[in-house]
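Take a look at the letters that make up each chain.
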Amino acid sequence: MTDVLRCQGLSRSFGALKAVNDVSLTVIPGARHALIGPNGAGKSTLFKLITGLLRSDGGTVSLTGQDITGLSEVRRCRLGISQTLQHASLFPTMTVAENVVLAVQRHDGRISLLPRRQKAVHDRAEDLLTQVGLKGRGNVTVSALSHGERKQLEVALALACNPKLLLLDEPAAGMSAAERGRLAELVNELPADVAVLFVEHDLDLVFELADTVTVLNLGQVLLSGDPDQVRASSEVRKAYLGA
Ligand code: ADP
Ligand code: MG
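Residues numbered from 1 in each chain as written. Chains lettered and ligands numbered in written order. Predicted model: local features only at pLDDT ≥ 70, side-chain atom pairs only at ≥ 80, totals over all residues.

**Here we look at the overall build of the chain**
Part 1 of the argument: Helix and strand counts for the chain come out as nine helices and ten strands.
Part 2 of the argument: Based on the C-alpha atoms only, the size of the chain along its principal axes is roughly 55 × 40 × 35 Å.
Part 3 of the argument: Considering the chain as a whole, with its 243 residues, one finds that 37% of them fall into the buried category.
Part 4 of the argument: A separation threshold of at least 6 residues defines the contact pool for the chain, and within that pool the share at least 24 residues apart is 68%. (Helix = DSSP H or I, 4+ residues; strand = E, 2+ residues; numbered from the N terminus. Buried ≥ 20, exposed ≤ 12 C-beta atoms within 10 Å, placed from the backbone. Contact = placed C-beta atoms within 7 Å.)

**Quick notes on the site of ligand 1**
Part 1 of the argument: Surrounding ligand 1, one finds Phe14, Leu17, Ala19, Gly37, Asn39, Gly40, Ala41, Gly42, Lys43, Ser44 and Thr45.
Part 2 of the argument: Among the elements that line the shell around ligand 1, the one with the most residues is helix α1 (residues 43-51), at three residues.
Part 3 of the argument: Across the shell around ligand 1, the residue classes tally to four nonpolar, six polar and one charged. (Near = placed C-beta within 6 Å. Nonpolar A, V, L, I, M, F, W, Y, C, P; charged D, E, K, R; others polar.)

**So, the domain arrangement of the chain**
Part 1 of the argument: Segmenting the chain into domains produces domain 1 (1-80 + 163-243) and domain 2 (93-162).
Part 2 of the argument: Averaged C-alpha coordinates put domain 1 and domain 2 at centres separated by 26 Å.
Part 3 of the argument: Across the contact, twelve residues belong to domain 1 and eleven residues belong to domain 2.
Part 4 of the argument: The element best represented in the side of domain 1 that touches domain 2 is helix α6 (residues 177-188), accounting for five residues.
Part 5 of the argument: Grouping the constituent residues of the side of domain 1 that touches domain 2 by class yields seven nonpolar, two polar and three charged. (Domains from an automatic or database assignment.)

Next comes the structure, spelled out in C-alpha cells:
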C-alpha cells in the first residue's frame, strides 16, 4: 500500500542552525506515529515543513505518492494534510456546534441555504462532535470549555476537512490526567483511514498510543521503530530520557 506521507532528505536551517537536517520519515496508512525528542530537536519545524507553513531548503515531501514539495499550505490542506489549529482559530463567543458547522462549510467551500444541504452539514458536525467525545456539548459557548475540551474541539475542526494525515503537536500539553485519558481514547477511536503523526512529551501516552516512534535529536532522526525498540535503545535513553 502507498505510504500516506513520505519525507525524503528534508532540511531547514535558520541562519547557521540546522533545525531539520536531512530527515527521512515514512507514515504508513492507519499509523499512530509518534515523533519524540528533546526540546529544540526540530519536531515543530518538521511539522511546518510537512504542512507547508515553512519552505524546506532541500528534500521532498509526498502525500499518498504525490510530490507536494512545491505546494502551498492551502493546497496541501485540500489534499488531506490537517493539523490541530491554535486556540486563536476558535471563535470563543460562538458555540461548539457553530464552530464545527463553520469548519465543515469552509471545507465544502460554500454556505448552502438549501434545507437538505444544511441538514447534511449539521449531521456531519454532530458526527464530528461525537467522534471527539463532545456529544451533548454543542450548545456550550467555546469560552466556557475546559482546556481539554478545547483541544477536543480543535481535533474536530481538523477532522472537518476529511484529512488523510492528521498532525497533532503536543496535544496533551497542559492537560490533567483525566483529560489525557480522554485524549488517548479519542486518538484510539479516530477512523483507521486517518493516519496520525503526533508530537508528545508524555512518554506514557506515547507508548500507550503509538505503533511507530521516531526519535529526533539535533535535527536528525536518531531512531525509528516500534515502541519496544525505542524503549530498549540505549542511544535514545542517553539523548532523550537522560539515563
Ligand atoms: P522542537 O519542536 O523539537 O522543540 P523546534 O522545531 O521548535 O523544536 O526548533 C528547532 C530549533 O530551531 C530550535 O533551536 C529553535 O530555537 C529553532 N527555531 C525554530 N523556529 C525558528 C525560527 N522561526 N527562527 C529561528 N530559529 C528557529
Ligand atoms: Mg515543538
